[in-house]
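The residues making up each chain are set out below.
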Amino acid sequence: MSARYAMAAALLWFALPVQAELWGYVDAQGTAHLATRQIDGAYNLVLGSAEAGHGRVPGKQDSSRHLLTWLEIAPEVKSVQPYLREAAALTGVDMALLKAVITVESGYKRDAVSPRGAIGLMQITPAAATRYASLSERLRPVEERLLDPRINVLTGARMLADLIKRFGRIDAALAAWNAGEGAVRRAGGVVPPYDETQAHVHLVLELYWVLLQHSMPARAQHLSIHSDKP
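First, a word on scope: everything that follows refers to the structure included in this document. (Residues numbered from 1 in each chain as written. Predicted model: local features only at pLDDT ≥ 70, side-chain atom pairs only at ≥ 80, totals over all residues. Heavy atoms only, no water.)

### Let's talk about the overall build of the chain
Within the chain, the secondary structure is distributed over eleven helices and three strands. Each helix (α) and strand (β) of the chain, taken in turn from the N terminus, gives the series α-β-β-β-α-α-α-α-α-α-α-α-α-α. Relative to its 230 residues, the chain shows a buried fraction of 50%. In the chain, once contacts between residues fewer than 6 apart in sequence are set aside, the share between residues at least 24 apart is 57%. Of the roughly 11200 Å² that the chain leaves accessible, carbon and sulfur atoms contribute 55%. (Helix = DSSP H or I, 4+ residues; strand = E, 2+ residues; numbered from the N terminus. Buried < 20%, exposed > 50% of the residue type's maximum accessible area, 1.4 Å probe, protein only. Contact = heavy atoms within 4.5 Å. Areas by Shrake-Rupley, 256 points an atom, 1.4 Å probe, with all protein chains shown as cover.)

Following this line, the structure appears as structure tokens:
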């Protein structure tokens, strides 16, 4: 089984009580604006639905096509594609998963800086960047290299590959990315009961599934999510 289909199969074990939503629009300059709520009238529902049931992936709805179109034609997305291919080849992390993380984390804004100090496309903290940097990368100041899209993507892919290996499942790895490894360990190796973390993981996985469907339509038509809770 390839890494892509193994990751897709891992989603079958994933369930969250939070029904996350992703809202967005593309402005006249071709820039996508994304948020987890409808900030104003320009924002349309891209992924998720308040009425959607937990037994299906709401990302299959038609509104996701707008985001998929943007992810295919936007210059800022196209410019990152070579780095995504390189990172996927070096680490084994699926390109679609990397693309989903970047979309949710930064909306492909390479100079994005969060209030918590996470930097660049994949919103990586300086501490994490130092931990996952190569020897040559460490010769540059950490903030400078995280604003370099290639280094940011490579660093993030190394980190995500390590987290997937540590926790053995994609949802837990994404939760560790968002809330820290300690939080996932304290939760018993699963997504901890934090609304922000659960919503973040759900969004990334929904978008990842939509991207997988888009890239392999003949093989991926449905996804059933089963909870291990009674």
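There's plenty left to go through after this.
### Re the environment of V184
Position of V184 among the secondary structure elements: in helix 10 (residues 181-186). Taking the C-alpha atoms as reference points, V184 and L174, separated by ten residues in sequence, lie 9.7 Å from one another. Ignoring any residue separated from it by four or fewer positions in sequence, one finds V184 in contact with F167, A172, A175, A176, G189, V190 and P192.

### Comments concerning helix 5 (residues 95-106)
Helix length check: helix 5 (twelve residues) gives 16 Å between terminal C-alpha atoms against 16 Å at 1.5 Å per residue, within 8%. For helix 5, the buried fraction is high: ten of the twelve residues fall into the buried class. Those residues of helix 5 not exposed but buried are A96, L97, L98, K99, A100, V101, I102, T103, V104 and S106. Of the residues flanking the end of helix 5, it is G107, one or two places downstream, whose phi is positive at about 60 degrees. (Expected span 1.5 Å × (residues − 1).)

### Focus: the pattern of salt bridges
Here the structure, examined in full by the defined rule, presents ten salt bridges. A salt bridge links D162 to R166, with the shortest nitrogen-to-oxygen separation between them at 2.7 Å. Pair noted here: D162 and R166 are both in helix 8 (residues 149-167), with a separation of four residues, about one helical turn. In this structure R166 comes out as partly exposed when scored by relative accessible area, which is 43%. Each member of the salt-bridge network shares a partner with another, and the members are R131, D162, R166, E181 and R185. (Salt bridge = Lys/Arg side-chain N within 4 Å of Asp/Glu carboxyl O.)

### Some thoughts on the packing of helix 5 against helix 8
Between helix 5 and helix 8, the shortest axis-to-axis distance is 11 Å and the interhelical angle comes to 110 degrees. Relative to helix 8, helix 5 is oriented roughly perpendicular. Every pair of crossing elements has a handedness; the one defined by helix 5 and helix 8 is right-handed. Contact with helix 5, carried on its side by L97, L98, V101 and I102, involves V153, A157, L160 and I164 of helix 8 and no other residues of that element. Here the contact of helix 5 with helix 8 is built from residues that sort into eight nonpolar, no polar and no charged. (Axes fitted to C-alpha atoms, helices over the stretch in contact; angles between N-to-C directions. Parallel < 35°, antiparallel > 145°, perpendicular 65-115°, else oblique. Left-handed = near helix turned anticlockwise from the far one by under 90°. Nonpolar A, V, L, I, M, F, W, Y, C, P; charged D, E, K, R; others polar.)

### Quick word on the packing of aromatic side chains
The full count for this structure, using the stated rule, is one aromatic pair. Taking the centre distance of 5.9 Å and the plane angle of 75 degrees together, the rings of W70 and Y108 count as edge-to-face. Of this pair, W70 sits in helix 2 (residues 64-73) while Y108 sits in the loop between helix 5 and helix 6 (126-131), placing them 38 residues apart in sequence. Owing to a relative accessible area of 4%, Y108 belongs among the buried residues under this scheme. (Phe/Tyr/Trp six-rings, centres within 6.5 Å; stacked < 30°, edge-to-face > 60°.)

### Concerning helix 8
Here helix 8 contains 19 residues, and its C-alpha end-to-end distance of 27 Å stays within 8% of the 27 Å for a straight helix at 1.5 Å per residue. The buried fraction of helix 8 is high, at 14 of 19 residues. One side-chain oxygen of the residue at the start of helix 8 lies 3.0 Å from the amide nitrogen of R150, identifying that residue as D148. One or two positions beyond helix 8, positive phi appears at G168, with a value near 75 degrees. (Polar contact = N/O pair within 3.5 Å; in protein donor to acceptor, adjacent residues only side chain to side chain.)

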